[in-house]
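# Tertiary structure, described
The lines below spell out each chain.
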Amino acid sequence: MGIFDYLLKKKEKPRTAAVAKERLQIIVAHERRKRTEPDYLPMMQQEIIQVIRKYVSIADDQVSVQLESSDDCSVLELNVTLPES
């Protein structure tokens, strides 16, 4: 009966401590990523939004600016969701 008990055993809910630990790890990783971004990045994003708004009406959340750094170079990625006209 041991194998049948194992197969029919209902999955236990994750323990609260384990869930809290996982969430904390996500928050810490997110905060570390923010620390590596340059200070000018949020200001640059706002300026880019202002320039785009001269031509197209967009919301702040329609523009995403990310800086990815590797060993020998940095890549600035800009994603803009433009409204359909």
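Residues numbered from 1 in each chain as written. Predicted model: local features only at pLDDT ≥ 70, side-chain atom pairs only at ≥ 80, totals over all residues. Heavy atoms only, no water.

Let us now look at the overall build of the chain. Helix and strand counts for the chain stand at three helices and two strands. Listing the helices and strands of the chain from first to last along the sequence gives α-α-α-β-β. Expressed as a percentage of the 85 residues in the chain, the buried residues total 9%. Relative to all contacts within the chain whose residues are 6 or more apart in sequence, the contacts with residues 24 or more apart total 24%. (Helix = DSSP H or I, 4+ residues; strand = E, 2+ residues; numbered from the N terminus. Buried < 20%, exposed > 50% of the residue type's maximum accessible area, 1.4 Å probe, protein only. Contact = heavy atoms within 4.5 Å.)

To continue, consider a nonpolar patch on the surface. Together, Leu24, Ile27 and Val28 make up a nonpolar patch on the protein surface, roughly 260 Å² of accessible area in all. Along the polypeptide, Leu24 turns up in helix α2 (residues 16-36). Residue classification places Leu24 among the exposed residues on the basis of a relative accessible area of 51%. (Patch = residues over 30% accessible without salt bridge, like charges linked within 9 Å, V, L, I, M, F, W, Y side chains within 5 Å. Areas by Shrake-Rupley, 256 points an atom, 1.4 Å probe, with all protein chains shown as cover. Salt bridge = Lys/Arg side-chain N within 4 Å of Asp/Glu carboxyl O.)

The next point concerns the nonpolar core. Judged by nonpolar contacts, Leu41, Ile49, Ile52, Ile58, Val63 and Val65 together constitute the single largest core of six residues. Secondary structure elements with two or more residues in this core: α3 (41-53) and β1 (63-69). If one sorts the elements of this core by residue count, α3 sits on top with three residues. If sequence neighbours within four positions are ignored, Ile58 has contacts with Ile52, Arg53, Val63, Thr81 and Pro83. (Core = buried A, V, L, I, M, F, W, Y, C linked by side-chain atoms within 4.5 Å.)

Attention now goes to the pairing of β1. Where β1 and strand β2 (residues 74-80) come together, seven bridges link them in antiparallel fashion. Bridge pairing links Gln66 to Glu77 in β2. Counting the residues that bridge the hairpin from β1 to β2 gives four residues. (Pairing = 2+ DSSP bridges.)

Looking now at the pattern of salt bridges. Opposite charge on two side chains lets them pair, provided their charged atoms get close. On inspection of all chains with the given rule, the structure shows one salt bridge. Asp60 is paired through a salt bridge with Arg53; the nearest N and O atoms lie 2.6 Å apart. For Asp60, a relative accessible area of 39% translates into the label partly exposed. Overall, the relative accessible area of 40% leaves Arg53 in the partly exposed class.

Low-confidence regions, as indicated by low pLDDT, have predicted coordinates that should not be scrutinised in detail. The predicted model of the chain averages 78 in pLDDT, with 75% of residues at 70 or higher. Looking over the chain, one finds the lowest element-wise mean pLDDT in helix α1 (residues 2-8), namely 65, and the highest in β2, namely 85. (pLDDT = per-residue confidence, 0-100.)

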